[in-house]
Amino acid sequence: MKQQNNLVWYASFGSNLFKNRFLCYITGGQPEGSNRREVGSRDHTLPKDNRAVSLPFALYFSGYSDRWDGAGAFIDTVRDETNSSWARMYLITEEQFEDVVRQENGVPDMEVDVDHIKEKGSVVIQDSPYGNLIYAGEAVGYPIFTFTHQKPMSEQEINIPSKRYLAMLIRGYLETYTDDATQIASYLAEKPGVKGVYSYEDLLEFTKEQQGV
């Protein structure tokens, strides 16, 4: 792949795993299952590439998203190589990444300095659920960035994600990681916010519904 200096990887561990949902942050539109229309990026150019990636941070569900009527997905701020999270990364421009951060946080004029984030490892740019921007390494010569809450999982109140939010994550896993419904159900079953609320059997059924089984 020919190098282009202003490109970065944006890695999503939540609903943006599903490509059609993420593209609403680029081209605009209302994602299936969401109650909010996204404005899109200033540059509507589609991602140059996308691929699976594992992030060395534990996945959990917390807060409340009015987009999905339930808890959103977050990753811990504490690295844990033994408890990595499935994610999908998209190769986009720095400006597009800034626009994704703005839309995710509901702030139309937020500025993102990717060089500063890379230098510090993580930078809190907004007191909002996804205002903590994290540098997560490199792939094919480009930096990987994601975002989560500024507080670690240990200080968060764990909440329940809605079925339609889980369905969106599952569709992303099916596109990116595996078509094995049992593997997806097993992955989600132990996540804080899901464990003890949705059974393995529930998650297996949700996954098969998304597969059209």
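Residue positions within a chain follow its written sequence, with the count starting from 1. A pLDDT threshold of at least 70 governs which residues receive local features in this predicted model, and a stricter bar of 80 or more applies before side-chain atom pairs are shown or counted, although totals over entire chains, interfaces and linings include all residues. Heavy atoms from the whole structure form the basis of all side-chain values; hydrogens and water molecules are not counted.

A. Region of the structure containing the sheet that holds strand β8 (residues 142-148). Should DSSP find at least two bridges between two strands, the strands are taken to pair. Runs of E in the DSSP output that reach at least two residues are strands. Runs of H or I that reach at least four are helices, and both are numbered from the N terminus. Across the sheet, six strands lie side by side as β2-β5-β1-β8-β7-β6; this open sheet has mixed pairing. Every interior strand has two partners, whereas the edge strands, β2 (49-55) and β6 (122-124), have only one. Each neighbouring strand pair of the sheet contributes to a mean axis angle of 30°, computed without reference to strand direction. The sheet contact formed by strand β1 (residues 7-12) and strand β5 (residues 85-93) spans six bridges and is antiparallel. Within β5, the position partnered with V8 by the bridge is I92. Contacting β1, β2 and β5, helix α1 (residues 19-27) runs over the sheet at an angle of about 35° to β5. Contact between two residues is taken to exist if any of their heavy atoms lie within 4.5 Å; hydrogens are not considered. In this analysis an axis means a line fitted to C-alpha atoms, helices contributing only their contacting stretch, and an angle means the value between N-to-C directions, from 0 to 180 degrees. Across the sheet, helix α2 (residues 94-105) is in contact with β1, β5, β7 (132-139) and β8; its angle to β5 comes to roughly 125°.

B. Up close: a negative patch on the surface. To count toward a patch, a residue needs a relative accessible area above 30% and no salt bridge. Like charges then connect within 9 Å, nonpolar side chains (Val, Leu, Ile, Met, Phe, Trp, Tyr) within 5 Å. With residues, only the protein chains shown are counted as cover, and all accessible areas are computed by Shrake-Rupley using a 1.4 Å probe. The rule for a salt bridge is simple: a side-chain nitrogen of Lys or Arg has to be within 4 Å of a carboxyl oxygen of Asp or Glu. The convention is simple: Lys and Arg are positive, Asp and Glu are negative, and His and the chain ends are not counted. Where a charge lies is defined by one atom per residue type, namely NZ (Lys), CZ (Arg), CG (Asp) and CD (Glu). Side chains of E94, D113, D115 and E119 sit close together on the surface and give a patch of like negative charge. Among the secondary structure elements, D115 is positioned in helix α3 (residues 114-120).

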